[in-house]
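Now for the letters of each chain:
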Amino acid sequence: MKDMVEFEKGLVNVGDDTRILRVMKRALNGEPIKLAFLGGSITQGSVASTPEGCYAYLTYKWWKDSFPKAAFTYVNAGIGGTTSHLGVGRVEEEVLRHEPDFVIVEFSVNDADNEPHFQETYESLVRRILSVRFAPALLIVHNVRYDDGGNAEAIHGPVGNHYHLPRVSMKPTIYAQVEAGNIERRDITPDDLHPNDAGHSLVAGVITHYLEAERQKLLANPDQVSGNAGDSMAELPAPLTASAYEKAHRFRNDEITPILSQGFTPDATAQSCVADCFKKGWTASELGAKIVFEAEGSCLAVQYRKTVRKPAPVATLTIDGDTAHAVKLDANFDEEWGDCLYLETLTEHGQGGKHRIEIEITETHADDKEVFYLVSLICA
């Protein structure tokens, strides 16, 4: 199958490779390097038969094999069913605190196509990563849906181009061969979205083909790479969008305390990994249970669990007592693939300052199979 894919077509934007070449030169010299991968279920490794079969680990393995003198650290921050909105809210805690040298961002099959909201959250995430003091190299990866070739490249691509970032895509490479009939979809994906082991190997192939070209460029002229990591992109260009999410933060029960809690219990269960996402939240099951937060920001969102184990409770959320614009938080999931870490945008570019967020259980059932699980607030 690899012989069928034109990997060289994967590079859809050359961009500025200065940061990547600097990381590679450090690796060539035997310095320790940290690699981080931020994205959704494909990054997490869904459908791969083992954690080592996913594209992220295979890319990490390429670095290890290509630079044997260096010691590498692997950070997989993929969470299934999540968008760049959550990505920017958790990037500090789950990626940047590790001070990675090289980062891949992959949300192109998670963010909705052609929605300005997701272009803004994606750009905010990109700016957040590029602006940190340790200046990691950033590679944009565009995965694709294999039934129709759909993804969010139309809104993510302009962001990557604006910041002169290298971008690789599965659309002109793997999907092109699927569309041409040279690769059978079921040979690489069981559901037209998540790659199996063979699919992950191809995705990694698109990425590492580009990285190998960069490595060869470095080996041909090592002296072309000089200076400090912070020299490149010291000042970012003006944003394409309002980019109001640059300082977004996800608040869970270890970082925010409700000003009122009646019938909601904080979950103290230890979180085993990044993808173990229903942790550090609050649970409730009784009609009338209420929890109230004071949160600051003009862009507010709430996360809760939608479950396939139905029925489950339903809650109502109000901001600053505005019952006319109350939001229904229905924990019953209408899909079958598993529980969903659901993100509900409450306000975007609204009034800044402090707000009172009140959540009350307003519907229960005698045969409820699950409790209502409030995961977090995301404020920007």
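Figured I'd write up the structure that's included with this text.

Cut-offs used in this document
Residues numbered from 1 in each chain as written. Predicted model: local features only at pLDDT ≥ 70, side-chain atom pairs only at ≥ 80, totals over all residues. Heavy atoms only, no water. Axes fitted to C-alpha atoms, helices over the stretch in contact; angles between N-to-C directions. Helix = DSSP H or I, 4+ residues; strand = E, 2+ residues; numbered from the N terminus. Parallel < 35°, antiparallel > 145°, perpendicular 65-115°, else oblique. Left-handed = near helix turned anticlockwise from the far one by under 90°. Contact = heavy atoms within 4.5 Å. Buried < 20%, exposed > 50% of the residue type's maximum accessible area, 1.4 Å probe, protein only. Pairing = 2+ DSSP bridges. Core = buried A, V, L, I, M, F, W, Y, C linked by side-chain atoms within 4.5 Å. Expected span 1.5 Å × (residues − 1). Polar contact = N/O pair within 3.5 Å; in protein donor to acceptor, adjacent residues only side chain to side chain. Salt bridge = Lys/Arg side-chain N within 4 Å of Asp/Glu carboxyl O. 1 Å grid on protein atoms, 1.4 Å probe; cavity = no way out; pocket = protein on both sides within 12 Å on 5 of 7 lines; lining within 4 Å. Points joined across faces, edges and corners; volume = space filled by probe spheres on them. Nonpolar A, V, L, I, M, F, W, Y, C, P; charged D, E, K, R; others polar.

Our next topic: the packing of helix α5 (residues 116–130) against helix α6 (residues 153–162). Axis separation between α5 and α6 bottoms out at 9 Å; the angle between their running directions is 30°. On the basis of their axis angle, the class for α5 and α6 is roughly parallel. Once α5 is placed against α6, the crossing between them reads as right-handed. Mapping the contact onto sequence places F118, Q119, Y122, E123 and V126 in α5 and I155, H156, P158, V159 and H162 in α6.

This paragraph deals with the pairing of strand β13 (residues 314–319). On any regular strand, side chains alternate: one points to one face of the sheet, the next to the other face. Burial analysis of β13 places 5 of its 6 residues in the buried class, which makes it a mostly covered element. Pairing of β13 with strand β14 (residues 327–330), which is carried by 4 bridges, proceeds in the antiparallel orientation. Bridging from a neighbouring strand, A315 pairs with L329 of β14. Two elements, β13 and strand β16 (residues 354–363), share 6 bridges in a ladder whose sense is antiparallel. Looking at β16, one finds that L317 is bridged to I359.

Mapping D223 onto the fold places it in the loop between α9 (197–220) and β7 (249–251). Looking at D223, the relative accessible area reads 67%, which means it is exposed. A sequence separation of 198 residues divides D223 from K25, and the C-alpha atoms of the two residues are 9.5 Å apart.

Once that is clear, we can look at the nonpolar core. If you look at soluble globular proteins, the nonpolar side chains tend to sit buried side by side. Counting 45 residues, the largest nonpolar core has W63, F102 and I207 as the members making the most contacts within it. Contributing elements (two or more residues each) for this core: α1 (18–28), β2 (33–39), α3 (55–66), β4 (102–106), β5 (137–142), α7 (171–179) and α9. When residues in this core are grouped by element, the largest group, 8 residues, is from α9. Grouped together as the second largest cluster of nonpolar side chains are 35 residues, A36, V75, V159 and Y373 included.

Here we take up α5. Here α5 contains 15 residues, and its C-alpha end-to-end distance of 21 Å stays within 8% of the 21 Å for a straight helix at 1.5 Å per residue. Counting buried residues along α5, 14 of its 15 residues qualify, which places the element largely inside the surrounding structure.

The subject of this paragraph is the packing of α1 against α9. Running from amino to carboxyl end, α1 crosses α9 at an angle of 70°, the nearest separation of the two axes being 10 Å. Taken together, α1 and α9 sit at an angle that is classed as roughly perpendicular. For α1 against α9, the interelement crossing comes out right-handed. Only Y210, L211, E214, R215, K217, L218 and L219 of α9 make contact with α1, whose side of the interface consists of I20, L21, M24, K25 and L28.

With that settled, consider α9. Under the 1.5 Å per step criterion, the end-to-end length of α9 is 33 Å for 24 residues, consistent within 8% with the ideal 34 Å. Of the residues that open α9, the one with a side-chain oxygen 3.1 Å from the backbone nitrogen of A198 is N196.

In this section: the pattern of salt bridges. What the rule picks out here adds up to 25 salt bridges. A salt bridge links E153 to R167; the nearest nitrogen and oxygen atoms lie 3.9 Å apart. Here E153, found in helix α6, pairs with R167, found in strand β6 (residues 167–169); they are 14 residues apart in sequence, far enough to count as distant. A single burial state applies to E153 and to R167, both of which are buried. Bridged by salt links that share partners, the residues R90, E93, E94, R250 and R252 form one connected network.

Turning our attention to unusual backbone geometry. Looking along the chain, the bond that leaves K310 and enters P311 is cis, with omega of 0°. The phi torsion at E99 lies on the positive side, around 55°, for a residue other than glycine. Positionally, E99 belongs in the loop between α4 (84–94) and β4. Of note in this structure, D192 is not a glycine but carries a positive phi near 70°. Within the secondary structure layout, D192 lies in the loop between α8 (185–188) and α9.

What follows covers the layout of surface pockets. Estimates place the volume of the largest pocket at around 890 Å³. Listing elements by their share of the lining of the largest pocket, those giving two or more residues are α2 (41–44), α4, α5, β12 (300–306) and β15 (340–347). The element that contributes the greatest number of residues to the lining of the largest pocket is β15, accounting for 6 residues. Partitioning the lining of the largest pocket into residue classes produces 14 nonpolar, 14 polar and 5 charged.

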